[in-house]
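Architecture at a glance
Here are the chains, one letter per residue:
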Amino acid sequence: MNEFSHFLRRPEAATIISLAAVIVFYVIFGGVDLGKLFGAASWVNFAANLGIVAIPVGLLMISGELDISIGAMIPAGSMTTAILSGYYGYPIAIGMLGALSVGILVGFVNGILTVRTTVPSLIITLGSLVAMQGIILSASVLLTGNASVPLTAPDWAKFAFGQLIGGSHQVIIIWWLILTAIFAFVLHRTSYGNWIFAMGGDRDSARNLGIPTSKVTIILFILSASAASFVGMCQAILFNSAQVSGGMNFIFNAIVSVVVGGVLLTGGFGSVIGIFFGTLTFAIVNQGIYFTQIDRNWSNLIIGAVLLIAVGMNETFREKALSYVPKKMKA
Amino acid sequence: MAPIIPVLELRDVEKSFGPIDVLHEISLKVHEGEVLCLLGDNGAGKSTLIKILAGVHKPTSGTILMDGKPVEFDRPRDAADRGIATLHQFGGTFPLMSIGRSFFVGVEPQKKWGPFTVFDRKKANEIAVKAVRDFGITRIDDGDRLVGGLSGGERQSIAIARAVYFGARVLILDEPTAALGVKQAAHVLRIVNETKQRGLAVIFITHQVMHALAVGDHFAVLIRGAVAADFRKGDKTREEITDLMAGGESMADLEAELEGYAQNQEERPPSLGHT
Ligand SMILES: Nc1ncnc2c1ncn2[C@@H]1O[C@H](COP(=O)(O)OP(=O)(O)O)[C@@H](O)[C@H]1O
Ligand SMILES: [Mg+2]
């Protein structure tokens, strides 16, 4: 009982309960065969691609900022890889380096503009989202005369970034797990994590306490943009081609995952484990619906309901965490 | 009793925002182990004055001296580095962080964890809880509690304990008791007293004369941006001080107002009247 109330005070409590509820709902009302669902790759692949982007987006949100340019950074990553290594035939390492550099560059610009101006980061990254879409399309058409570019990656690159484990599970799942562990460690176990929470709580106070808020903000923007270009790069290597379109869904999906995962939209509160489970919840709702007898058009309704319920629970649990007084005196 | 050189001194400090003159020829001293109460009605310029001391604003003219030497604060960090800790009305500014984490923002204790250097949560919690308990706040015993879940008085107490722990020499409190009930306010006043006994200089801003009299050694009344009176404990009665603060309002009116106010504070919030 005590353990349970301790669990409820954690940022990830609501999403874990939501995830369980969605699965129960699918089993009861959708006739889902759990063995089939858990054996399936589709939702895990979906979650991994989304999760790698959702975590740094969530860290930014905890620090009080928002990045929606990720929507353009996924095709930016895949197109850069395909143009450099597919169209021009440079070694794949150059293509990959190029993709990550584009991510770092755009993240840096987003970060600099955010710390140097008073424009909200939502607007700044909306600008870079649209601008990057234009750049990708123009560059692709100008350089290759096409909006879709083929790519043949060597075996080692396929193995590390574009492999299908057991013929079905994308190797990016392993990257997702590794990155989740690293980000969880940094946010919850190091001083940097403490800085991120403090910045989201009160940026001016954090700065006055000596935290390099501008530097941390820029680094977080670089992480989110390059995480998105990394996912794009992996997709290009996996599918042997890249398209200028696609990626826009990631904006909506990542923000929903992060918020369902218990991150406070206004910053200062959240956890990486919460974002991880928020992503899983989103993926199960979105992809698990194919394993039910429910018409798939309902999945957005379910996501909407899950979002509202999870956010409602998050509010309640946060109140609980705030009003918590240890009762050690009682037997 | 007080050392001859004040730890902090203002000489002829003036501040204007564009055409608006907010502070005129402010000269004040505060010594170690002494509480300076800055009194004044709303809009008198109290907050502006402490923002100058905290490095938020630069004075338009005049000098700030620490230990007798002129200093300049270009930003809040400069004032903090010299040991001037300023606490704003609501104490802890990170309500969703734990006591231990918020106590150490920017100066996190670290330990080795395998090949990594990690935040030492246990140590942070222990030190933070001990620092607060040393001020007599025994109700706080779990460093994992969120700051936002504490009462206003407890938050103020933690913020003060934090400033003392990190070696502040001057503690500036902007209306720390304004939003608090009687018990909570008494609690904070006790901690102010304890802080003074530890040898810090305290600048205590308030417009509650009773609170000022409870802890003050030295009083300055600010009216429309100028020091209207500067006196020591025992030099003036409560009535004289309230009269001064009001700047001419009749004593009888004030008394009545004060009585009503005190009653409201002690008995119940005004909104809960009988019907
Ligand atoms: N940044 C500013 N620009 C212009 N006027 C200001 C500014 N800050 C304060 N003032 C003015 O200075 C006066 C004193 O304000 P303040 O120091 O907040 O008073 P107090 O804290 O005693 O209530 C007020 O009339 C206020 O309008
Ligand atoms: Mg004020």
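Attention here is on the structure that accompanies the text. Per chain, the residues get numbers from 1 upward, laid out in the order the sequence is written. Just so you know, chain letters begin at A and ligand numbers begin at 1, following the order they were written in. Totals for whole chains, interfaces and linings use all residues, but because this is a predicted model, local features are given only for residues with pLDDT of at least 70 and pairs of side-chain atoms are given and counted only at 80 or more. Just so you know, side-chain values use all the structure's heavy atoms and leave hydrogens and water out.

Regarding the overall build of chain A
Regarding its fold elements, chain A presents 15 helices and four strands. For the radius of gyration, the atom set is restricted to C-alpha positions; the globular benchmark scales as 2.2 Å times the number of residues to the power 0.38. The C-alpha atoms of chain A give 21 Å as radius of gyration, which agrees with the globular expectation for 331 residues (20 Å, within 12%). Projected onto the principal axes, the alpha-carbon positions of chain A cover approximately 75 × 55 × 35 Å. Each residue is placed in one exposure class: buried if its accessible area under a 1.4 Å probe, protein chains only, is under 20% of its type's maximum, exposed if it is over 50%, and partly exposed if it falls in between. Counting every position in chain A, which comprises 331 residues, the buried fraction comes to 55%. Look at the contacts in chain A between residues 6 or more apart in sequence, and 78% of them connect residues 24 or more apart. Summed over all atoms, the accessible surface of chain A reaches about 14300 Å², with 69% contributed by carbon and sulfur. We score Asp and Glu as negative and Lys and Arg as positive, and we do not count His or the chain ends. Where a charge sits is defined by one atom per residue type, namely NZ (Lys), CZ (Arg), CG (Asp) or CD (Glu). Here chain A contributes 15 positively and 11 negatively charged side chains, and the mean placements of these two sets differ by 7 Å. Helix and strand labels come from DSSP, where a helix needs a run of H or I of at least four residues and a strand needs a run of E of at least two; each type is numbered from the N terminus. Throughout, a residue-residue contact means that at least one pair of heavy atoms, one from each residue, lies within 4.5 Å. Here, Shrake-Rupley sampling with a 1.4 Å probe gives the accessible areas, and only protein chains in the shown set may cover a residue.

Points about empty space enclosed by the protein
All names here are of chain B. Here a cavity means grid points, on a 1 Å grid over the protein atoms only, where a 1.4 Å probe fits yet cannot get out; a pocket means an open set of points with protein on both sides within 12 Å along at least five of seven lines; lining residues are those with an atom within 4 Å of a point. Grid points are joined across faces, edges and corners, and a volume is the space filled by probe spheres set on the points. In the structure shown here, the tally under the stated rule is four cavities of 30 Å³ or more. Where the lining of the largest cavity is concerned, the elements lending two or more residues are β1 (8-17), β2 (20-30), β3 (35-39) and α1 (46-53). In the lining of the largest cavity, the residues fall into nine nonpolar, no polar and two charged. All amino acids are sorted into three groups, where Ala, Val, Leu, Ile, Met, Phe, Trp, Tyr, Cys and Pro are nonpolar, Asp, Glu, Lys and Arg are charged, and the leftover types, Gly among them, are polar.

Here we look at unusual backbone geometry
If you check the backbone angles, Asn-240 of chain A has positive phi at about 60 degrees while not being a glycine. Topologically, Asn-240 of chain A is positioned in the loop between α12 (213-239) and β4 (241-243). We note that Arg-224 of chain B has phi near 40 degrees; this positive angle belongs to a residue other than glycine. Relative to the elements of secondary structure, Arg-224 of chain B occurs in the loop between β11 (218-223) and β12 (226-232).

Looking at the environment of Ala-99 of chain A
Residue and element names in this part refer to chain A. Within the secondary structure, Ala-99 sits in helix α6 (residues 92-116). In sequence terms Ala-99 and Ser-226 are 127 residues apart; their C-alpha atoms lie 8.0 Å from each other. Other than its neighbours up to four places away in sequence, Ala-99 contacts Gly-77, Thr-80, Thr-81, Ser-229 and Met-233.

Overview of the environment of His-6 of chain A
All names here are of chain A. Mapped onto the elements of the fold, His-6 is located in helix α1 (residues 2-8). Residue class for His-6 comes out partly exposed when judged on its relative accessible area of 45%. Separated by 314 residues in the primary sequence, His-6 and Lys-320 place their C-alpha atoms 9.8 Å from one another.

Regarding the pairing of strand β7 (residues 110-113) of chain B
All names here are of chain B. Both β7 and strand β8 (residues 116-119) contribute to a ladder of four bridges, which runs antiparallel. Across the sheet, residue Gln-110 finds its bridge partner in β8, namely Phe-119. Turn length for the β7-β8 hairpin, with the two strands adjacent in sequence and antiparallel, is two residues, and the turn residue Gly-114 shows positive phi of about 60 degrees. Here, any two strands with at least 2 DSSP bridges between them count as paired.

Brief notes about the interface of chain A and chain B
Facing the 30 residues of chain A at the interface are 25 residues of chain B. Regarding the contact of chain A and chain B, the summed buried area is about 2300 Å², with carbon and sulfur atoms giving 58% of it. Note on definitions: buried area is the accessible-area loss of two parts on being combined, 1.4 Å probe, summed for both. It is Arg-189, Asn-194 and Leu-322 of chain A in chain A that bury the most area against chain B; as a group they hold 26% of the surface buried on that side. Salt bridge, as applied in this entry: a Lys or Arg side-chain nitrogen positioned within 4 Å of an Asp or Glu carboxyl oxygen. Inspection of the chain A/chain B interface yields zero salt bridges. The element contributing the most residues to the side of chain A that touches chain B is helix α10 (residues 191-201) of chain A, with six residues. Of the residues belonging to the side of chain A that touches chain B, the class tally is 15 nonpolar, ten polar and five charged.

Concerning the site of ligand 1
All names here are of chain B. Close to ligand 1 lie Phe-17, Val-22, Asp-41, Asn-42, Gly-43, Ala-44, Gly-45, Lys-46, Ser-47 and Thr-48. Within the backbone of Gly-43, one N or O atom sits 2.6 Å away from an oxygen atom of ligand 1. Note that an oxygen atom of ligand 1 is positioned 3.2 Å from one of the backbone N or O atoms of Ala-44. Considered on its own, ligand 1 offers 570 Å² of accessible surface; in the complex 59% of this is hidden by protein. With three residues, the single largest contributor to the shell around ligand 1 is α1. In terms of residue class, the shell around ligand 1 is built from three nonpolar, five polar and two charged. A molecule or strand has a residue near it when one of that residue's heavy atoms lies within 4 Å. Any pair of N or O atoms that falls within 3.5 Å is considered a polar contact. Within protein, one atom must be able to donate a hydrogen and the other to accept it, and sequence-neighbouring residues count only if both atoms are side-chain atoms.

A short note on helix α5 (residues 152-165) of chain B
Given 3.6 residues to a turn, an α-helix orients residues that are three or four positions apart in the same direction. All names here are of chain B. With 14 residues, α5 should reach 20 Å at 1.5 Å per residue; the first-to-last C-alpha distance of 20 Å fits that figure. Of all 14 residues in α5, twelve are buried; the element is thus mostly enclosed. Turning to α5, its buried residues are Gly-153, Glu-154, Arg-155, Gln-156, Ser-157, Ile-158, Ala-159, Ile-160, Ala-161, Arg-162, Ala-163 and Val-164. Just beyond α5, the residue with positive phi is Gly-167, at close to 80 degrees. Expected helix span is given by 1.5 Å per residue-to-residue step, counting one fewer step than there are residues.

This is a description of form; function is not addressed.
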